[in-house]
Amino acid sequence: MDTAPAPGLDAPGTTEPPDPPPALGTRVRNAARWSLINTVVMRLGNFAAGVVLARFALGPAAWGVYGVAQTVLLVLLSANELGVGLAMVRWEGEVRRFAPTVLTLSTISSGLFYVVLFVAAPHLAAALGSPGATGVLRVMSLCVILDGVSQVPAGILTREFAQGRRMTIDALNFVLSTAVTLVLAFRGWGAMSFAWGSVVGNVAALVGCVLAAPGWLRFGWDADQARALLRFGLPLAGASLLALGVLNVDTLVVGSTLGKVQLGFYVLAFNISGWPVRIISEAARRVSFAGFSRLAESPQALAQGFGRALGVLVTGSVPLCVLLAVLAAPVIHLIYGGRWLPATGALPWLMALGLVRIGCELAYDCLVAIGRRRLLILTQALWLGALIPVLAAGAHLHGIVGVAEGHVLVAAGVVVPVYVIGLARTGITPRALLRACAWPFVAGAAMAAVAWGLRGALGESLPALLATGVVALAVYVVGVLPSRNRLRGIETAHGRHARPWRGR
């Protein structure tokens with residue numbers, strides 16, 4: 001497809017540059033390190049807060065209402081700035097020239113989205129099986145406006161790989177949002193505690209971004225730039241909206257079909273399955289798009305970077321996915337309590353989905369960076385179109401377990417092959433993808449067998465679970481040792497790189 005830059009904006013050159021300068025690799029590694037530390041710390045904090053809330057303050061019904069509101073919010077956030085915020089990261093040249101127009105567009109669009117949501121909230125909440133979520137929807141969606149205003153300063157931090165400053169901002173967001181949520185939850189505010197906690201945290205994040213990137217919160221308007229930005233951003237916003245639909249249509253199906261109590265169990269299981277995605281994939285995505293954008297004009301460098309990134313992500317994700325899948329029931333009972341055990345049936349399937357999501361999200365960022373917007377839209381539309389009937393059938397047949405099974409069936413059977421073909425057209429061959437994943441998958445299978453056997457032999461007490469986890473992890477480490485040189489990038493310097501597949 002045509003990936004020519006839109007007029008009115010500075011775009012990267014068309015000639016193929018030499019190998020990326022060492023400074024870029026150093027900046028990416030440093031940013032990735034800070035991003036990983038940031039994500040791990042924040043997610044551990046969120047995990048601890050969630051345990052306290054689930055055990056002592058909120059029941060499955062409140063989690064279900066929160067799940068509905070969170071789903072709607074994520075869908076709005078995926079399109080609230082019409083995709084123009086990505087121009088702050090993607091385009092080279094003088095960013096200050098079009099940043100004021102980006103800020104104006106994102107602020108106007110996010111304000112309009114909020115007005116529409118405010119009016120539609122009662123009808124939307126009723127359609128999703130949670131009429132009590134109306135107020136929560138209206139309050140939580142104030143975050144849409146805050147996110148729109150923060151697009152430019154936050155984009156500058158991402159563009160400059162300033163993840164150290166981003167960690168400080170996220171820490172402030174977490175501390176304030178968690179404090180407000182806990183106080184209100186223990187005062188009996190239910191799901192509304194999440195809503196006000198999110199708003200307070202996003203206000204803090206906006207202030208932090210403005211202070212960390214001073215001088216960028218400046219409104220302006222240029223009609224030619226606005227048209228060019230919309231031509232660039234709207235397809236990406238559409239792809240993002242479809243991607244969020246893929247990740248949240250299950251919440252809508254469960255809420256409307258099975259009710260808010262079953263939705264609460266499903267949301268808990270889905271949140272647990274997202275731990276590897278949030279800890280590892282989210283950390284990588286904060287630098288992957290910017291990094292792939294720098295390599296977009298060199299297919300060989302892009303193939304090298306993607307293969308190594310995929311290998312690192314999969315190697316780091318597999319052990320956590322395996323342990324949570326095999327030990328689902330004892331882990332949920334130990335951490336959240338016995339009343340949440342109905343969530344255990346869906347968790348193993350959702351862990352498999354989480355592992356697939358990690359690879360798909362990395363592929364998504366790579367294809368966005370090189371301008372394959374049409375392919376992304378078609379892939380996400382196919383994914384969402386296949387999910388709706390499959391998840392609805394799964395909910396009627398096997399409840400929340402059937403929904404989780406349907407997710408895995410569509411992701412592995414339909415979407416992964418499409419992404420593999422799309423990446424092959426850029427020079428990232430199926431063989432390269434298999435090499436990146438082979439050792440982690442083999443080691444993960446051995447780890448699963450060991451963990452399953454030890455669980456039956458040792459039982460499910462806390463010491464037994466710790467011993468099972470340690471032994472299984474040791475088996476995994478031994479299994480992935482043969483791939484250590486590739487993960488460190490040593491083999492890449494001497495390896496061969498396949499030519500891009502020229503098919504359409």
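Scroll up a little and you will see the structure.
Residues numbered from 1 in each chain as written. Predicted model: local features only at pLDDT ≥ 70, side-chain atom pairs only at ≥ 80, totals over all residues. Heavy atoms only, no water.

Trainee: Looking at this model, I keep getting lost on helix α7 (residues 151-159). Mind explaining?
Mentor: Owing to its 3.6 residues per turn, the α-helix aligns residues three or four sequence positions apart on the same side. Burial within α7 is extensive, with 9 of its 9 residues counted as buried. Among the residues of α7, Q151, V152, P153, A154, G155, I156, L157, T158 and R159 are the ones counted as buried. (Buried < 20%, exposed > 50% of the residue type's maximum accessible area, 1.4 Å probe, protein only. Helix = DSSP H or I, 4+ residues; strand = E, 2+ residues; numbered from the N terminus.)

Trainee: Any chance you could explain the packing of aromatic side chains here in plain terms?
Mentor: A ring pair, where both rings are aromatic, is described by two values, the distance of the centres and the angle of the planes. Counted under the stated rule, the structure contains 3 aromatic pairs. Ring geometry for Y114 and F118: centres 6.1 Å apart, planes at 50°, overall tilted. Here the residue Y114 and the residue F118 both occupy positions in helix α4 (residues 99-127), the gap between them amounting to 4 residues, near one helical turn. Exposure remark for Y114: the relative accessible area of 13% places this residue in the buried category. Here F118 falls in the partly exposed class, since its relative accessible area comes to 38%. Residue placement shows R138 over the ring face of F118; its charged tip is 4.2 Å from the ring centre. The cationic tip of R455 hangs over the ring face of W452; the distance from NZ or CZ to the ring centre is 5.9 Å. (Phe/Tyr/Trp six-rings, centres within 6.5 Å; stacked < 30°, edge-to-face > 60°. Lys NZ or Arg CZ within 6 Å of the ring centre and 35° of its normal.)

Trainee: When you look at the packing of helix α11 (residues 260-273) against helix α15 (residues 347-369) in this model, what are you seeing that I'm missing?
Mentor: When two helices pack together, their arrangement is captured by the angle between the axes and the distance separating the axes. Remark: α11 packs on α15, axes separated minimally by 8 Å, with the N-to-C direction vectors making an angle of 40°. In this view, α11 runs oblique relative to α15, as classed from their interaxial angle. Considering only the axes of α11 and α15, their crossing is right-handed. For the pair α11 and α15, contact is made by Y266, A269, F270, I272 and S273 and by L347, L350, M351, L353, G354 and R357, respectively. Class assignment for the residues of the contact of α11 with α15 results in 8 nonpolar, 2 polar and 1 charged. (Axes fitted to C-alpha atoms, helices over the stretch in contact; angles between N-to-C directions. Parallel < 35°, antiparallel > 145°, perpendicular 65-115°, else oblique. Left-handed = near helix turned anticlockwise from the far one by under 90°. Contact = heavy atoms within 4.5 Å. Nonpolar A, V, L, I, M, F, W, Y, C, P; charged D, E, K, R; others polar.)

Trainee: Looking at this structure, how should I read the nonpolar core?
Mentor: A general trend in soluble globular proteins is that nonpolar side chains are found buried together. In terms of nonpolar packing, the biggest core is built from 103 residues, with W63, F306, Y336, W383 and Y419 touching the most fellow members. Looking at this core, the element that brings in the most residues is helix α16 (residues 373-424), giving 16 residues. Excluding anything up to four places from it in sequence, Y336 contacts F47, G50, V51, A54, R55, L268, I272, W275 and V331. (Core = buried A, V, L, I, M, F, W, Y, C linked by side-chain atoms within 4.5 Å.)

Trainee: Explanation requested: the packing of helix α13 (residues 299-326) against α15 in the structure shown.
Mentor: Interaxial distance between α13 and α15 falls to 10 Å at its minimum, and their mutual angle equals 165°. The angle between α13 and α15 places the two elements in the roughly antiparallel class. Of the two possible hands of crossing, α13 and α15 adopt the one that is right-handed. On α15, the residues touching L302, F306, A309, L310, L313, S317, V318, L320, C321, L324 and A325 of α13 are L347, P348, M351, L355, I358, G359, L362, A363 and C366. Across the contact of α13 with α15, the residue classes break down as 18 nonpolar, 2 polar and no charged.

Trainee: What is the right way to look at the pattern of salt bridges in this model?
Mentor: Charged atoms that come close allow side chains of opposite charge to pair. Scanning all chains against the criterion turns up 3 salt bridges. One salt bridge in this structure joins E361 and R357, with 3.7 Å as the shortest N-O distance. Of the two residues, E361 and R357 both sit in helix α15, 4 residues apart, roughly one turn of that helix. For the pair E361 and R357, a shared accessibility class is recorded, and that class is buried. E460 serves as the salt-bridge partner of R455, at 2.8 Å between the closest nitrogen and oxygen. (Salt bridge = Lys/Arg side-chain N within 4 Å of Asp/Glu carboxyl O.)

Trainee: Honestly, the environment of G64 in this entry has me stumped. Any pointers?
Mentor: Along the polypeptide, G64 turns up in helix α2 (residues 60-79). Counting along the chain gives 200 residues from G64 to G264, while the straight-line C-alpha distance between them is 4.0 Å.

Trainee: Looking at this structure, I do not really get helix α17 (residues 430-458). What am I missing?
Mentor: Across its 29 residues, α17 extends 41 Å between first and last C-alpha, which sits within 8% of the 42 Å expected from 1.5 Å per residue. Along its length, α17 reaches its greatest deviation from straightness, about 40°, at C437, and the proline P440 lies no more than four positions downstream. Of all the residues in α17, the buried ones are L433, A436, C437, P440, A443, G444, M447, A451 and R455. Trailing α17 by a residue or two, G459 shows a phi angle of about 95°, which is positive. (Expected span 1.5 Å × (residues − 1). Bend = angle between axes of the 7 residues up to and from the residue.)

These values are about where atoms sit, not about what they do.
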